[in-house]
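Geometric and topological summary
In case you want the letters, here they are:
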Amino acid sequence: MDALNVMEGASTMVHTPPSSTAPAVPVPALSYTDFSFSYAGATDRRALRDITWVVERGSYTLLCGDTGCGKTTLLTCAHPVLAPRGERSGMLRVLGRPFGEFCDEPDAVGHIAYVAQNPDAQIVCDSVWHEMAFGLENRGVPQDLMRRRIAETSHFFGIESWFHRSCSELSGGQKQIMNLASVLCLQPDLLLLDEPTAQLDPVAAQNFLHALFRVNRELGITVVVATHDPASMAPYATTVAQMGEKGIVTGVPDRSGVGRAEHIRSPRRHPAEGTGTEGDPLISISSMYFRFERKADWVARGIDVEVDRGEVHAIVGGNGCGKTTLLDVMAGVRKAQRGVVRNRARAQVLLPQDPQALLVCDTVAEELREWQGRCGYSEADLDAMVERFDLAGLLGQHPLDTSGGQQQKVALAKLLLTKPDLLLLDEPTKGFDAALRRLLVEVIDAERAKGTTVVLVTHDLAFVVAVADRVTMLFDGEVASTEPVKGFFEGNLFFRPTVADLSALGLT
Amino acid sequence: MSEEQHTGTDITHDSRSAFDLYHPAVPLVYFTIVIVLSMAAFQPVFCVLSLAGALIYGCYLRGWRAVVRSLRWSLPMVLIIALLNPFFSAFGTTQLFVLLGRTIYLESLVYGLCMGLMLTAMLQWFSNAAVVLTFEKILAIFGNVLPTIGLMLSMIMRFVPMLARRGREVEGVQQACTAIAPRSVRESTSLRVREASVLMGWSLEDSLRTADAMRARGWGGPNSRSVYQRYRFGSADLALTVSFALLGLVCAFLAWVACSQFAFYPTITPLIMWWGYVPYAGLLLLPLFIEFEEALRWMR
């Protein structure tokens, strides 16, 4: 609670609560009372219904709930600039003041900071230093003060070593740390984050969460995170708010899922049932070398891997180990500089990391029909796919207006409709909640039953346990090992799924 | 598409020149003076000096390989201009030969050659300037005067490479999906159109999010913008700029003298040894002196 007192002491600088409130009673950071909201143009359907929720100052609150339950709407409603247009009712107080009054404050934007899911979409400038300075420059902060704030913030987050880099060179994790640091330069009292780690790999996600934890405990800034993965954040959080049909229920974070799983039961065995044409792999790659430029370092240094017909083959490994490159080489998008690459697939499809790269039409329905003429699937196939991925409610929407997970579903449905015999998936569970991950396991199992070969690159180890037959682990541009899933995880200390991850997929 | 995919070209950083020790306005003034003089002093000796200076400094800044590589296509240009000029301006008195019914004079050939040398010299000076005056320095010069322009430049610098990267990604994904591979010319054209529209939708969507992120960080607020970049214009900067300017003035006067007593037509004025060329050579080699002085400091 020391951190909290420090913050209260410093509050003269940032935000003074109204004089009517006694200083002994801390004002909640956010308080919703019977709050309802419906979007402009869709007044018949309420996006939020009678929400009553209090976020205490200095807390680290997780806001959980299923995809599309309105977590983002609830958070943005409290932001003076990002608040969606529509009809509100009930009461909302931000940092002790009614929302309207808070917005009229000249410096409202400075008190409340927002970090969104996609690291790239929030970056404005080309270099890290300029990105850090952007908010302060906008507010006309004098140069000396600005430089001091940026210096201390960069120091806190360890940004100094890449302060002069160009933003495009940063990894996803660094980008998100920079996004966090650049809003904290403005010294907010309240930090709202919308699934900030959904696009990051587990290591980067942990780093980010740890930084967030320090922001909360050491600086006393109130943190509210909307997430569909509360288990990974549980060790840091003070409060969990579960959003459901009946409103919000607050509780203490459940830390039982923390830690690596003791026993791993894989439902898979190899070779895959019913198939197994031995000695005739669908894809074979031998001593493959690849680098992006002539002077660049090798990304792949003699990779050997074979993918059998009808198997589900997972490729795992740390960041920058060449997973995506290997997938691209398999797909034929990138040409290896040395080695033999054979791909005997008749019709392959690739799900990229950014599903937007596949989406082109004005509605989800049109999107699903785009390749109907080319691939000749029937209306019945289409209806079955809509049902399978539960897309009926989205058909009329613009694909880019849907959430990240929903876009991923649409892209996947679109690809599966072409009836491929080889499915290449790059981080298929990125941005998925537990329910969607379970759905994806079913979908891949069904594809396997049809004889489709699946190659997936992922960080999601529990998902690998659930679907894959064999795993290839890449390290330092080489194959560390290729093994059946069962044997692979048994000897690992670090590279094991957590208990919570496994139980989310029903594997414990 | 990949986390390990980086752009190889990094325009903003990675400059190593002794000018880094000075305010960005100093090299800007220098290169402006040199480029303007190279253009204005159209006289064989001045042209040759300018080119030689540009090449020597270029070898230092960019390495001789890069200089040779850039000459590979600019030398043919010199030759083409030199050979074409006599066809367009058939002046002069010294007849060389008759080609395709046109008389070729030595004077117009030399004129063309000088023109080519001047153009090459200018290109080389621009390449040198691009190494010294990095994007960040340009931003620092203009950003302080016009903060919004500075920000716009920065945003463009981010957006353009990102668009190119995404274009490659969309193309790659399409290429990877052999299930939808085109079977006819019509299908492959429509695939190209599709590529462009995917890219457009994606960029538009992103720009909406970026706009939100900008407003959430106070863009468009009531305050006037301030800038982070701080470059002090100190006495050393002033001294160097003033000496550039003075030397430039002297050279401009000498170039005027040299040009007014020189003519290509009707006969080329004979060139003589003249002390007046020395200051110009000095001006052109000045950055090397600064580099050399800095190098000496490291050897001590």
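Parameters at a glance
- Residues numbered from 1 in each chain as written.
- Chains lettered and ligands numbered in written order.
- Predicted model: local features only at pLDDT ≥ 70, side-chain atom pairs only at ≥ 80, totals over all residues.
- Heavy atoms only, no water.
- Helix = DSSP H or I, 4+ residues; strand = E, 2+ residues; numbered from the N terminus.
- Buried < 20%, exposed > 50% of the residue type's maximum accessible area, 1.4 Å probe, protein only.
- Contact = heavy atoms within 4.5 Å.
- Areas by Shrake-Rupley, 256 points an atom, 1.4 Å probe, with all protein chains shown as cover.
- Salt bridge = Lys/Arg side-chain N within 4 Å of Asp/Glu carboxyl O.
- Polar contact = N/O pair within 3.5 Å; in protein donor to acceptor, adjacent residues only side chain to side chain.
- Core = buried A, V, L, I, M, F, W, Y, C linked by side-chain atoms within 4.5 Å.
- Pairing = 2+ DSSP bridges.
- Axes fitted to C-alpha atoms, helices over the stretch in contact; angles between N-to-C directions.
- pLDDT = per-residue confidence, 0-100.
- Parallel < 35°, antiparallel > 145°, perpendicular 65-115°, else oblique.
- Nonpolar A, V, L, I, M, F, W, Y, C, P; charged D, E, K, R; others polar.
- Left-handed = near helix turned anticlockwise from the far one by under 90°.
- Lys, Arg positive; Asp, Glu negative; His and termini not counted.
- Patch = residues over 30% accessible without salt bridge, like charges linked within 9 Å, V, L, I, M, F, W, Y side chains within 5 Å.

**Looking at the overall build of chain A**
Per the secondary structure count, chain A includes 18 helices and 19 strands. C-alpha atoms of chain A, sized along the principal axes, occupy 80 × 55 × 45 Å. Relative to its full complement of 508 residues, chain A shows a buried share of 57%. Counted over contacts in chain A with a minimum sequence separation of 6, partners at least 24 positions apart contribute 70%. Accessible surface for chain A amounts to roughly 20,600 Å². Of this, 50% is attributable to carbon and sulfur atoms.

**Digging into the interface of chain B and chain A**
Between chain B and chain A, the residue contacts involve 59 residues of the former and 78 residues of the latter. The interface formed by chain B and chain A contains five salt bridges. Our count for the chain B to chain A interface comes out at 22 residue pairs in polar contact (both at pLDDT 80 or more). Looking at the side of chain B that touches chain A, the elements with two or more residues in it are α5 (135-145), α6 (147-176) and α7 (185-216) of chain B. With 15 residues, the top contributor of residues to the side of chain B that touches chain A is α7(B).

**A look at the nonpolar core**
One finds A:Leu326, A:Met330, A:Phe389, A:Ile444, A:Val455 and A:Leu456 to be the most contacted residues of the largest nonpolar core, which totals 89 residues. The next biggest cluster of nonpolar side chains, apart from the first, holds 49 residues, and it includes A:Ala113, A:Ile177, A:Cys185 and A:Leu191.

**Some details on the environment of A:Leu415**
The residue A:Leu415 is located in helix α14 (residues 404-417) in this model. Sequence separation of A:Leu415 and A:Trp371 is 44 residues, and the distance between their C-alpha atoms is 9.1 Å. In contact with A:Leu415, not counting residues within four places along its chain, are A:Val349, A:Leu350, A:Leu351, A:Leu358, A:Trp371, A:Pro420 and B:Cys177.

**Observations concerning the sheet that holds strand β14 (residues 338-343) of chain A**
Two orientations exist for strands paired in a sheet by backbone hydrogen bonds: parallel and antiparallel. Residues and elements named next belong to chain A. Spatial strand order, β12-β11-β14: three strands in an open sheet with antiparallel pairing. Every interior strand has two partners, whereas the edge strands, β12 (300-307) and β14, have only one. With direction set aside, neighbouring strand axes in the sheet form an average angle of 15 degrees. As judged from the five bridges shared by strand β11 (residues 283-290) and β14, these two strands associate in the antiparallel manner. Pairing of Ile283 across the sheet is with Asn343, part of β14. Sitting on the sheet, helix α10 (residues 323-331) is in contact with β11, β12 and β14, with an inclination near 125 degrees to β11.

**As for the pattern of salt bridges**
All names here are of chain A. By the definition in use, this model includes 33 salt bridges over all chains. A salt bridge links Glu367 to Lys414, with the shortest nitrogen-to-oxygen separation between them at 2.6 Å. Pair noted here: Glu367 is in helix α11 (residues 364-369) and Lys414 is in helix α14, with a separation of 47 residues, a long-range link. For the pair Glu367 and Lys414, a shared accessibility class is recorded, and that class is buried. A salt bridge links Lys414 to Glu370; the nearest nitrogen and oxygen atoms lie 2.6 Å apart. Of this pair, Lys414 sits in helix α14 while Glu370 sits in the loop between α11 and α12 (372-375), and the two are 44 residues apart along the sequence.

**Things to note about unusual backbone geometry**
Cis peptide bonds are those with omega within 30 degrees of zero, and the linkage from B:Tyr265 to B:Pro266 qualifies with -10 degrees. Looking at the element boundaries, B:Pro266 is found in the loop between α8 (235-260) and α9 (277-299). The phi dihedral of A:Leu95 falls on the positive side, at around 50 degrees, and the residue is not glycine. In this structure, A:Leu95 sits in the loop between β4 (86-94) and β5 (97-98). For A:Gln187, which is not a glycine, the phi torsion comes out positive at approximately 50 degrees. As for its position among the elements, A:Gln187 is in the loop between α7 (172-184) and β7 (190-194).

**Re the confidence of the model for chain A**
All names here are of chain A. Mean pLDDT for chain A: 86, with 93% of residues reaching 70 or above. The secondary structure element of chain A with the lowest average pLDDT is helix α1 (residues 2-14), at 41, and the one with the highest is β7, at 95. Contacts of residues 1-22 to residues separated by more than four positions or lying in other chains number 24 contacts, the stretch itself having pLDDT below 50. Across residues 272-276 the pLDDT falls below 50, and counting only partners more than four positions away or on other chains, this stretch makes six contacts in the model.

**A closer look at the packing of helix α1 (residues 25-40) of chain B against helix α4 (residues 106-132) of chain B**
Residue and element names in this part refer to chain B. Two numbers describe how α1 lies on α4: the axes approach to 10 Å, and their chain directions differ by 175 degrees. Classified by the interaxial angle, the pair formed by α1 and α4 is roughly antiparallel. The segment α1 lies against α4, with Pro27, Tyr30, Phe31, Val34, Ile35, Ser38 and Met39 engaging Met118, Met122, Trp125, Phe126, Asn128, Ala129 and Val132. Class assignment for the residues of the contact of α1 with α4 results in 12 nonpolar, two polar and no charged.

**A closer look at the packing of helix α3 (residues 64-88) of chain B against α4(B)**
All names here are of chain B. Taken N-terminus to C-terminus, the directions of α3 and α4 make an angle of 155 degrees; their axes are 7 Å apart at the nearest point. Here α3 is positioned roughly antiparallel relative to α4, judged by the angle of their axes. The chirality of how α3 crosses α4 is right-handed. Listed contacts from α4 to Val67, Ser70, Leu71, Trp73, Ser74, Met77, Val78, Ile81, Ala82, Leu83, Asn85 and Pro86 of α3 are Ser108, Leu109, Tyr111, Gly112, Leu113, Met115, Gly116, Leu117, Leu119, Thr120, Leu123 and Gln124. Taken together, the residues that form the contact of α3 with α4 break down as 16 nonpolar, eight polar and no charged.

**Comments concerning the pairing of strand β6 (residues 112-115) of chain A**
Residue and element names in this part refer to chain A. Going residue by residue along β6, you find Ile112 and Tyr114 tucked away on one face and Ala113 and Val115 tucked away on the opposite face as well. Summarising the sheet, β6 and β7 pair through four bridges and their orientation is parallel. Along β7, the bridge assignment pairs Tyr114 with Leu192.

**Topic: the side chain of A:Lys430**
Residues and elements named next belong to chain A. Topologically, Lys430 is positioned in the loop between β16 (422-426) and α15 (434-449). One buried charged side chain, Lys430, makes no salt bridge at all; its nearest oppositely charged neighbour is Asp354, positioned 4.9 Å away. A polar atom in the side chain of Lys430 sits 3.5 Å from the side chain of Gln353.

**What to know about a nonpolar patch on the surface**
All names here are of chain B. A grouping of Leu96, Phe97, Leu99, Leu100 and Leu106 is seen on the molecular surface, where their side chains present a nonpolar patch of about 470 Å² in accessible area. Examined against the element boundaries, Phe97 turns out to sit in strand β1 (residues 95-99). Phe97 sits in the partly exposed class, given a relative accessible area of 42%.

**A short note on the environment of B:Arg297**
Residues and elements named next belong to chain B. Locating Arg297 in the fold gives a position in helix α9. Assessed through its relative accessible area of 43%, Arg297 is described here as partly exposed. Within polar-contact distance, the side chain of Arg297 engages the side chain of Glu293 at 3.0 Å.

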